[in-house]
Amino acid sequence: MHSNSKELSKRPARPSLDAQISITRPGASDDAEIRLIIRIAMGKTITAVMTPEDFALAITGKSDVAASLILRNLRIEEQSNG
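Residues numbered from 1 in each chain as written. Predicted model: local features only at pLDDT ≥ 70, side-chain atom pairs only at ≥ 80, totals over all residues. Heavy atoms only, no water.

A. Quick look at the overall build of the protein. Scanning the protein from terminus to terminus reveals 2 helices and 4 strands. Reading the helices (α) and strands (β) of the protein from amino to carboxyl end gives α-β-β-β-α-β. Across the 82 residues in the protein, those meeting the buried criterion constitute 13%. Restricting to contacts in the protein with at least 6 residues of sequence separation, those with at least 24 account for 19%. When the accessible area of the protein is evaluated, it comes to approximately 7300 Å², of which 51% is carbon and sulfur surface. (Helix = DSSP H or I, 4+ residues; strand = E, 2+ residues; numbered from the N terminus. Buried < 20%, exposed > 50% of the residue type's maximum accessible area, 1.4 Å probe, protein only. Contact = heavy atoms within 4.5 Å. Areas by Shrake-Rupley, 256 points an atom, 1.4 Å probe, with all protein chains shown as cover.)

Here it is, written out as structure tokens:
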């Protein structure tokens, strides 16, 4: 049992959202960008844009791969822990 297991069990459960994921390659050229699109609700999407090389690294297990985010009809707000 991890030392912080009790702390994790005290946290309120985070609500889950249903979503759909699409991976697209706009255009057919080899150097095109890859777009990973997460559709949360009608008209609300998060799109991560990256190079094919970075996408390949990400899906083969590399962490913290660079991507640009495009938000559509969404805002990201920071939550304070205090």
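Further notes follow.
B. Broad picture of the pattern of salt bridges. This structure, assessed with the given rule, holds 2 salt bridges. For Arg35, the salt bridge goes to Glu33, with nearest N and O atoms at 2.7 Å. We classify Glu33 as partly exposed; its relative accessible area is 31%. Among the salt bridges present, the one from Arg75 reaches Glu77, with a minimum N-O distance of 2.5 Å. Here Arg75 falls in the exposed class, since its relative accessible area comes to 69%. On the basis of relative accessibility, which here comes to 55%, the residue Glu77 falls in the exposed class. (Salt bridge = Lys/Arg side-chain N within 4 Å of Asp/Glu carboxyl O.)

C. Just unusual backbone geometry, in detail. Of note in the backbone geometry, Asp64 takes a positive phi value of approximately 55 degrees without being a glycine. Although it is not a glycine, Asn73 adopts a positive phi angle of roughly 60 degrees. Along the chain, the position of Asn73 falls in the segment after β4 (68-72). What makes Asn73 exposed here is its relative accessible area of 55%.

D. Structural detail: the side chain of Thr47. With respect to the helices and strands, Thr47 occurs in strand β3 (residues 44-50). Apart from the residues lying within four places of it in its own chain, the contact partners of Thr47 are Arg35, Leu36, Ile37, Ser68, Leu69 and Ile70.

E. Molecular detail of a nonpolar patch on the surface. Together, Leu69, Leu71 and Ile76 make up a nonpolar patch on the protein surface, roughly 310 Å² of accessible area in all. Its place among the elements puts Leu69 in strand β4. Overall, the relative accessible area of 55% leaves Leu69 in the exposed class. (Patch = residues over 30% accessible without salt bridge, like charges linked within 9 Å, V, L, I, M, F, W, Y side chains within 5 Å.)

F. Main features of the side chain of Thr45. Residue placement: Thr45 occurs in strand β3. For Thr45, a relative accessible area of 6% corresponds to the buried category. Leave out the neighbours within four places in its chain, and Thr45 touches Ile37, Ile38, Arg39, Ile70, Leu71, Arg72 and Leu74.

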